[in-house]
Amino acid sequence: GQQVMQIPQYQHVQEGEDFTTYCNSSTTLSNIQWYKQRPGGHPVFLIQLVKSGEVKKQKRLTFQFGEAKKNSSLHITATQTTDVGTYFCAGLGAAGNKLTFGGGTRVLVKP
Amino acid sequence: EAGVTQFPSHSVIEKGQTVTLRCDPISGHDNLYWYRRVMGKEIKFLLHFVKESKQDESGMPNNRFLAERTGGTYSTLKVQPAELEDSGVYFCASSPQTRGLQAFFGQGTRLTVV
């Protein structure tokens with residue numbers, strides 16, 4: 001079945017630095033979604049990418065969908081303590097409505 | 001607009017007991033999903049309803065898990081009998097009929113089997 005992998009599993013970032021988390025699917029995706037889960041909270045939708053090669057920005061967050069629609073990345077610039085949490089990518093397969101989540105990247109920010 | 005609500009928020013039960021989790025999706029959302037996160041690992045898909053029909057239940061671990069969505073509104077997930085490895089956070093999410101739209105998650109039910 002469809003598998004979605006995320007790396008790294010953990011990311012320790014100095015406040016003010018940039019980092020990137022990567023998401024790879026075993027199959028071509030219809031779209032990819034990104035969610036953020038704060039400690040003790042539930043996943044909250046951030047963004048959805050649909051088109052091949054699409055790039056979207058939300059303030060300091062830049063999301064990219066690969067040309068083959070099998071991978072995606074999230075880049076955060078000038079990390080702040082409010083960025084702490086786990087970032088999940090979730091791929092929607094070509095068939096059906098099942099969102100398959102990656103393992104998540106847990107981000108810890110050092111002040 | 002009310003979000004996805006789950007009940008209870010926490011449940012501690014003994015091995016062998018039965019527990020029923022409930023999810024009330026956002027009104028009008030045909031799609032309802034159950035996911036589980038165990039020990040801080042990835043969020044694993046359990047099953048997907050479209051209205052009252054099970055669209056995909058390939059993620060259900062075994063026959064100790066039973067999900068229902070009578071009438072296409074709220075859903076229940078029953079674990080009977082519960083085992084230690086069933087501990088984790090169970091999330092419910094819903095999305096509108098239109099395919100590919102974002103999923104809205106509930107706060108989750110933290111299940112601890114002792």
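From a predicted model like this one, the values you see are computed outputs, not experimental measurements.

Some thoughts on the sheet that holds strand E1 (residues 5-7) of chain B
All names here are of chain B. The strand order E1-E3-E8-E7 describes an open sheet built from 4 strands, whose pairing is antiparallel. Sheet topology places E1 and strand E7 (65-68) at the edges, where each strand pairs with a single neighbour. Neighbour to neighbour, the strand axes of the sheet diverge by 15° on average, direction disregarded. Here strand E3 (residues 19-24) runs beside strand E8 (residues 75-79); their pairing, made up of 5 bridges, is antiparallel. Pairing of Val19 across the sheet is with Val79, part of E8.

With respect to the state of the cysteines
A complete count under the given rule lists 2 disulfides over all chains for this structure. One disulfide bridge connects Cys23 of chain A with Cys89 of chain A, the sulfur atoms lying 2.0 Å from each other. Taking the sign of the torsion about the S-S bond as the criterion, the disulfide between Cys23 of chain A and Cys89 of chain A, at about 80°, is right-handed. Here the residue Cys23 of chain A occupies a position in strand E3 (residues 19-25), and Cys89 of chain A occupies one in strand E9 (residues 85-93), the gap between them amounting to 66 residues. Exposure class is identical for Cys23 of chain A and Cys89 of chain A. Each is buried. Between the sulfur of Cys23 of chain B and that of Cys92 of chain B lies a disulfide, 1.8 Å long from S to S. Residues Cys23 of chain B and Cys92 of chain B are joined by a disulfide whose S-S torsion is about -60°; by sign, that bridge is left-handed. You can see Cys23 of chain B sitting in strand E3 and its partner Cys92 of chain B sitting in strand E9 (residues 88-95), a full 69 residues away along the chain. Here the two residues Cys23 of chain B and Cys92 of chain B agree in accessibility, since each one is buried.

Cut-offs and rules
- Residues numbered from 1 in each chain as written.
- Chains lettered and ligands numbered in written order.
- Predicted model: local features only at pLDDT ≥ 70, side-chain atom pairs only at ≥ 80, totals over all residues.
- Heavy atoms only, no water.
- Pairing = 2+ DSSP bridges.
- Helix = DSSP H or I, 4+ residues; strand = E, 2+ residues; numbered from the N terminus.
- Axes fitted to C-alpha atoms, helices over the stretch in contact; angles between N-to-C directions.
- Disulfide = S-S within 2.5 Å.
- Buried < 20%, exposed > 50% of the residue type's maximum accessible area, 1.4 Å probe, protein only.

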